[in-house]
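If you want the building blocks of each chain, they are given just below.
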Amino acid sequence: MGEEMFSKDDKKFMRLAIKEQEKAYKRGDYPVAAVLVIDGKLIGIESNSLVTSKKRISHAEMNLIMKHSSAITSTKRAGKNITLYTTLEPCLMCFGTSVLHRISRIVYAYIDPDGGATNILTKNVSGYYSRTWPIIEGGLYAKESQALILKFLKKQESQGWKNVLKEHLNVKAVNKK
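What counts, and at which threshold
Residues numbered from 1 in each chain as written. Predicted model: local features only at pLDDT ≥ 70, side-chain atom pairs only at ≥ 80, totals over all residues. Heavy atoms only, no water. Helix = DSSP H or I, 4+ residues; strand = E, 2+ residues; numbered from the N terminus. Buried < 20%, exposed > 50% of the residue type's maximum accessible area, 1.4 Å probe, protein only. Areas by Shrake-Rupley, 256 points an atom, 1.4 Å probe, with all protein chains shown as cover. Pairing = 2+ DSSP bridges. Axes fitted to C-alpha atoms, helices over the stretch in contact; angles between N-to-C directions. Contact = heavy atoms within 4.5 Å. Patch = residues over 30% accessible without salt bridge, like charges linked within 9 Å, V, L, I, M, F, W, Y side chains within 5 Å. Salt bridge = Lys/Arg side-chain N within 4 Å of Asp/Glu carboxyl O. Parallel < 35°, antiparallel > 145°, perpendicular 65-115°, else oblique. Left-handed = near helix turned anticlockwise from the far one by under 90°. Nonpolar A, V, L, I, M, F, W, Y, C, P; charged D, E, K, R; others polar. Polar contact = N/O pair within 3.5 Å; in protein donor to acceptor, adjacent residues only side chain to side chain. Lys, Arg positive; Asp, Glu negative; His and termini not counted.

## Brief notes about the overall build of the protein chain
Reasoning step 1: Looking only at helices and strands, one finds eight helices and five strands in the protein chain.
Reasoning step 2: Each helix (α) and strand (β) of the protein chain, taken in turn from the N terminus, gives the series α-β-β-α-α-α-β-α-β-α-β-α-α.
Reasoning step 3: The burial tally for the protein chain puts 49% of its 177 residues in the buried class.
Reasoning step 4: Summed over its atoms, the accessible surface of the protein chain is roughly 9100 Å², and 52% of this surface lies on carbon and sulfur atoms.

Now the structure itself:
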């Protein structure tokens with residue numbers, strides 16, 4: 001499915017994430033960014049700070065959710081829709097945190113061949129997790145996100161990123177909805 005399947009707001013918020021992704025790249029961090037939206041209102045924008053903070057937990061989604069955790073929790077109790085836009089499919093840590101925070105919907109740009117976790121089947125989880133499972137849609141501006149990630153990985157190839165680069169080179173930036 002193509003980008004035409006996404007709303008005007010989806011495109012606007014993902015463009016904000018792509019801009020933030022570029023800032024992470026310029027700063028020397030693995031270029032991933034995330035945007036949090038509650039009932040159509042922009043709540044926050046964050047990017048990865050893995051390299052600069054030297055903390056492996058400093059993924060864009062984690063930075064964003066941790067910063068706005070109490071707002072997310074109180075908002076969800078009020079029955080509002082929470083959308084997380086991210087330039088790379090969330091890893092297991094970020095996806096799990098999103099489910100625990102009851103994010104309603106996750107929209108990502110580019111499939112993560114090295115650690116994306118959104119293909120976990122809901123039939124394999126139970127209880128709370130299956131009741132709070134988000135809607136997941138991917139592929140919005142996938143090529144733009146992939147290009148920046150590849151640019152970063154090629155620059156970092158000699159610093160232990162070679163296998164990650166190889167995984168990303170084997171992926172077509174496709175839409176998944």
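## As for the sheet that holds strand β4 (residues 105-110)
Reasoning step 1: An order of β2-β1-β3-β4-β5 is seen for the five strands of this open sheet, with the pairing classed as mixed. The outermost strands of the open sheet, each flanked by one partner alone, are β2 (41-47) and β5 (135-138). The sheet shows a mean angle of 15 degrees between the axes of neighbouring strands, taken without regard to direction.
Reasoning step 2: Summarising the sheet, strand β1 (residues 33-38) and strand β3 (residues 82-88) pair through five bridges and their orientation is antiparallel. Bridge pairing in β3 links L36 to L84.
Reasoning step 3: Against the sheet, helix α3 (residues 60-67) contacts β1, β2 and β3, and its axis sits at roughly 135 degrees relative to β2.

## Remarks on a nonpolar patch on the surface
Reasoning step 1: Where nonpolar side chains cluster on the molecular surface, the patch consists of L100, Y128 and Y129 and spans about 280 Å² of accessible area.
Reasoning step 2: Summarising the element assignment, Y129 is placed in helix α6 (residues 127-131).

## Topic: the packing of α3 against helix α5 (residues 92-100)
Reasoning step 1: Where α3 contacts α5, the two axes come as close as 9 Å, and the packing angle between them is 25 degrees. When the axis of α3 is compared with that of α5, the two are roughly parallel. Every pair of crossing elements has a handedness; the one defined by α3 and α5 is left-handed. Contact residues: E61, M62 and I65 in α3; M93, C94, T97 and S98 in α5.
Reasoning step 2: Within the contact of α3 with α5, the residues separate by chemical class into four nonpolar, two polar and one charged.

## Focus on the packing of helix α1 (residues 8-27) against helix α7 (residues 142-156)
Reasoning step 1: Relative orientation of the contacting elements α1 and α7 amounts to 10 degrees, with a least axis distance of 10 Å. By the angle between their axes, α1 is roughly parallel relative to α7. Residues R15, I18, Q21, E22 and Y25 of α1 form the contact with α7, whose participating residues are E144, S145, L148, I149, K151, F152 and K155.
Reasoning step 2: When its residues are assigned to classes, the contact of α1 with α7 shows five nonpolar, two polar and five charged.

## Topic: the side chain of T86
Reasoning step 1: By secondary structure assignment, the location of T86 is in strand β3.
Reasoning step 2: For T86, a relative accessible area of 0% translates into the label buried.
Reasoning step 3: Among the polar contacts made by the side chain of T86, one reaches the side chain of E61 at a distance of 2.7 Å.
Reasoning step 4: Those residues in contact with T86 that lie beyond four places of it in its chain are M14, V32, A33, A34, E61, I106, V107, Y108 and A109.

## Comments concerning the side chain of E61
Reasoning step 1: Within the secondary structure, E61 is located in helix α3.
Reasoning step 2: No salt bridge is formed by the buried E61; the nearest opposite charge belongs to R27, separated by 12 Å.
Reasoning step 3: Contact partners of E61, with chain neighbours within four places excluded, come to V32, A34, L84, T86, L88, P90 and C94.

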